[in-house]
Amino acid sequence: MKVAIVGATGMVGNVMLKVLAERNFPITELIPVASQKSVGKTIPFNGKEFTVVNLATAVEMKPDIALFSAGGDTSMEWAPKFAAAGTTVIDNSSAWRMDPTKKLVVPEINGDVLTSEDKIIANPNCSTIQLVMALAPLHKKYQMKRVVISTYQSVSGTGVKAVQQLDNEEAGVEGEMAYPHKIGRNALPHCDVFLENGYTKEEMKLVKEPKKILRDDTFSVTATAVRIPTAGGHSEAVNVQFENDFDLSEVRQILSDTDGIVVQDDLATNLYPMPITAHEKDEVFVGRIRRDESQENTLNLWIVADNLRKGAATNTVQIAEYLVAHKLV
Ligand code: 2RA
């Protein structure tokens, strides 16, 4: 399999390379793609060195699959060019996610929507992936009615500049600001840009993407996305009301039995998910499972995952694995 990594020198691109190697994805040729300033550099992969090329050259090399993490503008311009050359694109940006002609996929949930005709496939937003991984099996059993989410998102979701801002603040040195305010010992209710309705783009991703992935728009969602000074992953406090009542022990069992989910929930030993314990893992961790005593049929959950792995690179590679396993590429 000839595989291009568009954005190979970025944070998610680097994690993609790590995950591809860890999972022994069947790569015969790697095509690292980056901006002109990186062209000609080499990137190590599976004991070999591969030379970085620009986008136009990568299209001409006709990769079988191109994993994109290079921003929405690059995806909008270049994904169709790769697709026209016969490449299957799996894109991490928000560019194609809500396009009705494109699939938005978490393989464990809706991999079955994929066909060999899909040449541009959207990887959901990181905070969406961890949310639906936990909610999908519960929705199937109890039918969601309304979901209220508060996120606590790592600076790594913003990118290198944001991680550098936090490092600089902690080191007491001046540097470029990724955020409008200091992030150290702070919390910013501001992930991505504000929209006309007062929500941020990040919050509207949480409102819209789960309905497409779960193929059901009968439930409602509201969200508040908050940036906090952590590095290891995104956390979410989730309050979900179902149409039907549930049994807490059955909820735990359903989650424990779900591939990709790890329940960490033992108050006697202070066991609950945390970014520092989710860091560099591919599972989605669920804890603080308890009934909301203020409203019928309603559950509170705490969900944590590494936003660069299952939230981005690993889910992307899992989509590629699904395509290969089902002979769709
Ligand atoms: C964030 N989910 O955390 C967005 C993009 N990675 O900023």
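Each value, and the rule that gives it
- Residues numbered from 1 in each chain as written.
- Predicted model: local features only at pLDDT ≥ 70, side-chain atom pairs only at ≥ 80, totals over all residues.
- Heavy atoms only, no water.
- 1 Å grid on protein atoms, 1.4 Å probe; cavity = no way out; pocket = protein on both sides within 12 Å on 5 of 7 lines; lining within 4 Å.
- Points joined across faces, edges and corners; volume = space filled by probe spheres on them.
- Helix = DSSP H or I, 4+ residues; strand = E, 2+ residues; numbered from the N terminus.
- Nonpolar A, V, L, I, M, F, W, Y, C, P; charged D, E, K, R; others polar.
- Domains from an automatic or database assignment.
- Core = buried A, V, L, I, M, F, W, Y, C linked by side-chain atoms within 4.5 Å.
- Buried < 20%, exposed > 50% of the residue type's maximum accessible area, 1.4 Å probe, protein only.
- Contact = heavy atoms within 4.5 Å.
- UniProt positions renumbered as here; feature names shortened; annotations may be inferred.

A few points about the layout of surface pockets
Okay, so step 1: Roughly 250 Å³ of volume is contained in the second largest pocket.
Okay, so step 2: Contributing to the lining of the second largest pocket are 13 residues, with I109, A136, P137, K140 and L214 lying nearest its centre.
Okay, so step 3: Breaking the lining of the second largest pocket down by element, the ones donating at least two residues are α4 (107–110) and α5 (126–142).
Okay, so step 4: A per-element tally of the lining of the second largest pocket places α5 first, with five residues.
Okay, so step 5: In terms of residue class, the lining of the second largest pocket is built from six nonpolar, three polar and four charged.
Okay, so step 6: Two domains each donate at least three residues to the lining of the second largest pocket, and these are domain 1 (2–123 + 312–325) and domain 2 (127–307).

Focus: the nonpolar core
Nonpolar side chains in soluble globular proteins tend to be buried together.
Okay, so step 1: F82, L138, V147, L299 and L301 are the most contacted members of the largest nonpolar core, which totals 54 residues.
Okay, so step 2: No other element matches the nine residues that α5 contributes to this core.
Okay, so step 3: The two domains that each donate at least three residues to this core are domain 1 (2–123 + 312–325) and domain 2 (127–307).
Okay, so step 4: Once residues within four sequence positions are removed from consideration, L301 is found in contact with L135, L138, E236, A237, V238, L255, V286, G287, R288 and I289.
Okay, so step 5: Among the nonpolar cores identified, the runner-up in size contains 33 residues, and L20, L30, V113 and Y322 belong to it.

Observations concerning the UniProt feature "binding site: NADP(+)" (unreviewed entry) in the protein
Okay, so step 1: Mapped onto this structure's residue numbering, the UniProt feature "binding site: NADP(+)" (unreviewed entry) falls at T9, G10, M11, V12, K37, S38, S156, G157 and N307. For the residues just named, distributed over 299 residues, the greatest C-alpha separation reaches 27.2 Å, placing them at more than one site.
Okay, so step 2: Within the fold, G10 resides in the loop between β1 (2–6) and α1 (11–22).
Okay, so step 3: Assignment of secondary structure puts G157 in the loop between β9 (144–153) and α6 (160–171).
Okay, so step 4: Not counting the four nearest positions on each side in its chain, G157 is found in contact with R227, H234 and N307.

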